[in-house]
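What follows is the residue order along each chain.
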Amino acid sequence: SIYHLVREKYSQLTDSSSSSSPGRHKVLAGIAMTRGFDLTSAQVVSLATGTKCLDSDAANEDGCTLRDCHAEVLSRRALVRFFYSQLELLLW
């Protein structure tokens, strides 16, 4: 059910836009927050997409293409940012 929650949030954020990605394998990673074991109140607090590898024709020399953009790493960074935002709310 966490998978479906993350997938639904991704669909909401992308608004059914079909953007082409130069990556061969697109990965979706998300982290959901629950209170206790009740999954009905779970909410997605971190979400990211990434690529596992780039096609050789998608790589360029001007530095505009990220080669390792793993969804898991980006989602974790977003989670840390979420934690900091929650801490800031406590301080104010």
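Please refer to the structure placed before this passage.
The notes below deal with the structure included here. (Residues numbered from 1 in each chain as written. Predicted model: local features only at pLDDT ≥ 70, side-chain atom pairs only at ≥ 80, totals over all residues. Heavy atoms only, no water.)

### Observations concerning the packing of aromatic side chains
For any pair of aromatic rings, geometry is given as the distance between the ring centres together with the angle between the planes.
Moving on, step 1. Inspection of every chain in the model, using the stated rule, returns one aromatic pair.
Moving on, step 2. Consider the rings of Phe82 and Phe83, whose centres lie 6.2 Å apart with planes at 50 degrees: the pair is tilted.
Moving on, step 3. Residue classification places Phe82 among the buried positions, given a relative accessible area of 19%. (Phe/Tyr/Trp six-rings, centres within 6.5 Å; stacked < 30°, edge-to-face > 60°. Buried < 20%, exposed > 50% of the residue type's maximum accessible area, 1.4 Å probe, protein only.)

### Some points on the side chain of Ser46
Moving on, step 1. Counting through the fold element by element, Ser46 comes out in strand β2 (residues 38-51).
Moving on, step 2. A relative accessible area of 3% places Ser46 in the buried class.
Moving on, step 3. Separated by 2.4 Å, the side chain of Ser46 and the backbone oxygen of Ser75 make a polar contact.
Moving on, step 4. Those residues in contact with Ser46, other than ones at most four positions away along the chain, are Ala29, Gly30, Ile31, Ser75, Arg76, Ala78 and Leu79. (Helix = DSSP H or I, 4+ residues; strand = E, 2+ residues; numbered from the N terminus. Polar contact = N/O pair within 3.5 Å; in protein donor to acceptor, adjacent residues only side chain to side chain. Contact = heavy atoms within 4.5 Å.)

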